[in-house]
Amino acid sequence: MLLHNLGQRWQVWRPVIDQLAERYDVIAVDLPRLGRAPIPQTTTEDGIRAFGVRSLKRIFDHLEVSRPHVAGCGLGGMLAIAATTTGIVSSATALAPTGFWTPRQRWWVITHLRLFRIAARVSLATDPPLAELSLMRNLLISRLCEHPRRMEPTEALANLTAMRDASAFDEAMASARQFQWRSDPKPLVPLTVAWGERDKLMAPSQMINAEHRLQGAEFVRLPGCGHVAMNDDPGMVARVIVRTCARAERGHSWGSTEVMQTYTRITEGYGRQWRG
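Reading guide: rules and limits
Residues numbered from 1 in each chain as written. Predicted model: local features only at pLDDT ≥ 70, side-chain atom pairs only at ≥ 80, totals over all residues. Heavy atoms only, no water. Pairing = 2+ DSSP bridges. Helix = DSSP H or I, 4+ residues; strand = E, 2+ residues; numbered from the N terminus. Contact = heavy atoms within 4.5 Å. Axes fitted to C-alpha atoms, helices over the stretch in contact; angles between N-to-C directions. Buried < 20%, exposed > 50% of the residue type's maximum accessible area, 1.4 Å probe, protein only. Salt bridge = Lys/Arg side-chain N within 4 Å of Asp/Glu carboxyl O. Left-handed = near helix turned anticlockwise from the far one by under 90°. Nonpolar A, V, L, I, M, F, W, Y, C, P; charged D, E, K, R; others polar.

A. Here's a closer look at the sheet that holds strand 3 (residues 69-73). Strand order in the open sheet formed by 6 strands is 2-1-3-4-5-6, and the pairing between neighbours is parallel. The sheet is open, and its two borders are formed by strand 2 (28-29) and strand 6 (218-222), each paired with just one other strand. Here strand 3 pairs with strand 4 (residues 91-95) via 5 bridges, running parallel. For C73, the partnering residue across the bridge sits in strand 4 and is L95. Along the sheet face, helix 3 (residues 75-83) touches strand 1 (2-3), strand 3, strand 4 and strand 5 (191-196) and points at about 145° away from the line of strand 3. Together, strand 5 and strand 6 form the strand contacts of helix 8 (residues 206-213), whose direction differs from that of strand 6 by roughly 170°.

Next comes the structure, spelled out in structure tokens:
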């Protein structure tokens, strides 16, 4: 199961889905109130982390999925890590997860995201939208990706629109001002934390903080990648995820080393689309 970052949507995982589908049944979901997923009854008053884990449980129950492997980027990476201590996942891969920042780094991330959202709104508000100009579009997307031209123009515009329209953005930013990852018990399942070496949003130095707090996790640097590493080098990201899943399958009786039937199940707002 693939979890996107704040203000984005499940489609940011498209570059790696086909590669992962060679081995696994892949589900990419919109997180509640951040893509097109339904708005849940609960709010962020309990904090990003607890709210997110409860949301994952609801998603798993809704899709009738039991202990999936999960991978997430940014906010999705934070949720993936949190889930490793709950018994609801089989493994987790976290790309540049939220919360391992210093106070100064946290200020930078929050400020950066707010400015990025303002820029998305302005670039989409004109007629025709400024974001349709390749120079403007690539300039904006370069804050997330090291290689913005590798993202299809239609996908880039849709991602900017998702950032503009994310209804939970302000709540998430308010919670982020108070959020600081604290030491957790050792993960119950294999966990890999990977970080793009060219991440302009979440400084790669935050991985050092993660190494101090996450005992038993594996840490991987992603050369030539920005924050949304699956756009910059989908092959490398897919290999990191598959390796994490394989560790779980070798080490736990509930795993399977057999290659599963190749197909992809993509969930948009919990509605299923099937691709053979």
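B. Region of the structure containing the environment of V26. Structurally, the position occupied by V26 is in the loop between helix 1 (14-20) and strand 2. We classify V26 as buried; its relative accessible area is 5%. With 24 residues separating them along the chain, V26 and L2 place their C-alpha atoms 7.6 Å apart.

C. Quick look at the pattern of salt bridges. Overall, the coordinates contain 9 salt bridges when judged by the stated rule. Put simply, E155 and R9 hold a salt bridge, and the shortest N to O gap is 2.9 Å. A residue pair is termed long-range when its members are at least 10 positions apart, and E155 in helix 6 (residues 153-165) and R9 in the loop between strand 1 and helix 1 qualify at 146 residues. Exposure remark for E155: the relative accessible area of 18% places this residue in the buried category. The salt bridge involving E155 is made with R14; its shortest N-O contact spans 2.5 Å. Of the two residues, E155 sits in helix 6 while R14 sits in helix 1, which places them 141 residues apart along the sequence. One continuous salt-bridge network, built from bridges that share partners, spans R9, R14 and E155.

D. Expanded view of the packing of helix 4 (residues 103-125) against helix 6. Contact geometry for helix 4 and helix 6: axes closest at 9 Å, N-to-C directions at 115°. For the pair helix 4 and helix 6, the sense of crossing is left-handed. Across the interface between the two elements, L113, F116, R117, A120, R121, S123 and L124 from helix 4 touch L157, L160, T161, M163, R164 and D165 from helix 6. A breakdown of the residues in the contact of helix 4 with helix 6 according to their chemical character gives 7 nonpolar, 2 polar and 4 charged.

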